[in-house]
Amino acid sequence: MRIARFVAHGDPTYGVVELAEDQGENPETIAVVSGDPLAGAVHFTGERLALADVRLVAPVIPRSKVLGIGRNYAEHAAERGAEVPTTPLVFLKPNTSVIGPGEPIVRPPETENLHYEGELAVVIGRICRRVPIERAADVIFGYTVANDVTARDLQSSDGQWSRAKGFDSFCPLGPWISTHLELGEAADLDLVTTVNGEVRQSGNTADMVFSIPELIAHVSSFTTLLPGDVILTGTPAGIGEIVPGDSVSVTVSGIGTLTNPVVSED
Ligand code: MG
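Residues numbered from 1 in each chain as written. Predicted model: local features only at pLDDT ≥ 70, side-chain atom pairs only at ≥ 80, totals over all residues. Heavy atoms only, no water.

(A) Region of the structure containing the overall build of the protein chain. For the protein chain, the count of helices and strands is 6 helices and 20 strands. At 18 Å, the protein chain has a C-alpha radius of gyration in line with the 18 Å of a compact globule built from 266 residues. Reported as C-alpha extents along the three principal axes, the dimensions of the protein chain are approximately 55 × 45 × 30 Å. Considering only contacts in the protein chain between residues 6 or more positions apart, those separated by 24 or more positions represent 71%. Of the accessible surface of the protein chain, which amounts to about 11200 Å², a share of 49% is contributed by carbon and sulfur atoms. Seen as two clouds, the 18 positive and the 35 negative side-chain charges of the protein chain have centres 8 Å apart. (Helix = DSSP H or I, 4+ residues; strand = E, 2+ residues; numbered from the N terminus. Rg over C-alpha atoms; globule rule 2.2 N^0.38 Å. Contact = heavy atoms within 4.5 Å. Areas by Shrake-Rupley, 256 points an atom, 1.4 Å probe, with all protein chains shown as cover. Lys, Arg positive; Asp, Glu negative; His and termini not counted. Charge placed at Lys NZ, Arg CZ, Asp CG, Glu CD.)

This is how it looks when you write it as structure tokens:
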């Protein structure tokens, strides 16, 4: 299933997306569900809307945290002039950095070098701590697409990454959460980032240094994961700058495309 969060009228609501590829010539629709699928059981209300008539928002607002993983692709570590870590390199992005598809990435005046980082994101489905590698699949709710937006100059000058990766709007997520992918499938997905239609990153999740189960085991060794928490699994090579006026898209095969415009705060 593809679980989206959307606004049609009133407050954000969850629904199950039905794409043309699933239903032949039928129009793309979203079947409305009641409740929050990350918090408990939901059921279909019977209402069905045209996908074109709703506005998708971030498929999840993590209730506690977004965990980022640095340098999890060897070629990206090399382009940063850095070693591949011997244990996963973890940082936090505040949940206030999350935005949805189509919402603007806002370049703050504090940076002069704003970068995209296309990534596969793992959405946690269960409260958990010290998850063994072999049990990792049990705590995964699904997968979505992320852009780990980074103020590259502040990342260098601050040392700590909280500000460089934590500004409001620096964590686009979407367009929906794909819950049908098996771990093995998630470990072999093409990832392409384009800026204004031009390909900038072209990678595959098979090239991660640390696997998704290894990442879940590592981050849950020090922090309790809650349903709706998100792990960004790192970016492949090809990072680069985005400026106001650009449109940046990240596509992960088997999930979808996350597109966001870039605007200036001032
Ligand atoms: Mg990243």
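(B) Quick peek at the side chain of Asp246. Summarising the element assignment, Asp246 is placed in the loop between β18 (240–241) and β19 (247–252). Although Asp246 is buried, it makes no salt bridge; Arg200 carries the closest opposite charge, 5.8 Å away. Separated by 2.8 Å, the side chains of Asp246 and Asn196 make a polar contact. When near neighbours in sequence (up to four residues on either side) are disregarded, Asp246 contacts Val195, Asn196, Glu241, Asn260, Pro261 and Val262. (Buried < 20%, exposed > 50% of the residue type's maximum accessible area, 1.4 Å probe, protein only. Salt bridge = Lys/Arg side-chain N within 4 Å of Asp/Glu carboxyl O. Polar contact = N/O pair within 3.5 Å; in protein donor to acceptor, adjacent residues only side chain to side chain.)

(C) How the structure looks around helix α6 (residues 212–219). Burial analysis of α6 places 6 of its 8 residues in the buried class, the great majority of the element. Where α6 is buried, its residues contact β6 (66–70), β7 (89–93), β11 (118–124), β12 (140–147), α5 (183–186) and β17 (230–232).

(D) How the structure looks around the pairing of strand β1 (residues 2–7). By the criterion of burial, β1 is predominantly enclosed, with 6 of the 6 residues buried. Because side chains alternate across β1, one face comprises the buried residues Arg2, Ala4 and Phe6, and the other comprises Ile3, Arg5 and Val7, equally buried. Relative to strand β14 (residues 171–178), β1 runs antiparallel, the two being bridged by 2 bridges. Looking at the pairing, Ile3 lines up with Ile177 of β14. The sheet contact formed by β1 and strand β2 (residues 13–18) spans 4 bridges and is antiparallel. Its bridge partner being in β2, Ile3 is matched across the sheet by Val16. Counting the residues in the hairpin turn of β1 and β2 gives 5 residues, including Gly10, whose phi is positive at 85°. As judged from the 3 bridges shared by β1 and strand β5 (residues 55–57), these two strands associate in the antiparallel manner. Looking at β5, one finds that Phe6 is bridged to Leu56. (Pairing = 2+ DSSP bridges.)

(E) Expanded view of the pattern of salt bridges. Scanning the entire structure with this criterion turns up 9 salt bridges. Of the charged contacts, one joins Asp229 and Lys65 as a salt bridge, the two residues approaching to 2.7 Å between their closest N and O atoms. Placement of Asp229 in the loop between α6 and β17 and of Lys65 in the loop between β5 and β6 is noted, with a sequence separation of 164 residues between them. The same class applies to Asp229 as to Lys65, namely buried. A cluster of three or more residues bridged by salt bridges with shared partners is formed by Lys93, Glu117, Asp148, Arg152 and Lys165.

(F) Structural context of the sheet that holds strand β16 (residues 198–204). Read from one edge to the other, the open sheet built from 5 strands follows the order β9-β20-β19-β15-β16, with strand pairing classed as mixed. A single partner strand is all that each edge strand has here, and the edge strands are β9 (105–107) and β16. In this sheet, adjacent strand axes meet at a mean angle of 20° when their direction is disregarded. Two strands pair when backbone bridges link them, and β9 and strand β20 (residues 256–264) are joined in this way by 3 bridges, in the parallel orientation. (Axes fitted to C-alpha atoms, helices over the stretch in contact; angles between N-to-C directions.)

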